[in-house]
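Chain by chain, the residues run as shown.
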Amino acid sequence: MSSQDELAAVRKRLDDLIRAVERLERSLAELREQRSPPPAPGPVPDLIPIPDTPYDSALWTDSDDEGLGVRDRRAP
């Protein structure tokens, strides 16, 4: 096979590759168009109000202070 024949074969394969990439790009554009409408938003959950008043200190009588040990004792 001469170099001219080889060059023609490479050009043909390159053209085939370009056409295949163009088809893929068109397919991808179609997929994006199909997915473009955003989904309908779901129901909004009810918000729970958090009061500004301090918590009842009785809730924390037996709790540890994160890493500092038990209340009224020295930290390790």
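Residues numbered from 1 in each chain as written. Predicted model: local features only at pLDDT ≥ 70, side-chain atom pairs only at ≥ 80, totals over all residues. Heavy atoms only, no water.

### Overview of the pattern of salt bridges
Part 1 of the reasoning: Inspection of the entire model under this criterion finds 2 salt bridges.
Part 2 of the reasoning: Between Lys12 and Asp16 there is a salt bridge whose closest N-O contact spans 3.3 Å. Taken together, the residues span about one helical turn, with Lys12 and Asp16 both in helix 1 (residues 3–35) at a distance of 4 residues.
Part 3 of the reasoning: In this structure Lys12 comes out as exposed when scored by relative accessible area, which is 52%.
Part 4 of the reasoning: Of the residues examined, Asp16 reaches a relative accessible area of 30% and is grouped as partly exposed.
Part 5 of the reasoning: With its nearest N and O atoms 2.3 Å apart, the salt bridge here joins Arg19 to Asp16. Placement of the pair is Arg19 and Asp16 together in helix 1, with a separation of 3 residues, close to one helical turn.
Part 6 of the reasoning: With a relative accessible area of 42%, Arg19 lands in the partly exposed category.
Part 7 of the reasoning: Where salt bridges share partners, they join Lys12, Asp16 and Arg19 into one cluster. (Salt bridge = Lys/Arg side-chain N within 4 Å of Asp/Glu carboxyl O. Helix = DSSP H or I, 4+ residues; strand = E, 2+ residues; numbered from the N terminus. Buried < 20%, exposed > 50% of the residue type's maximum accessible area, 1.4 Å probe, protein only.)

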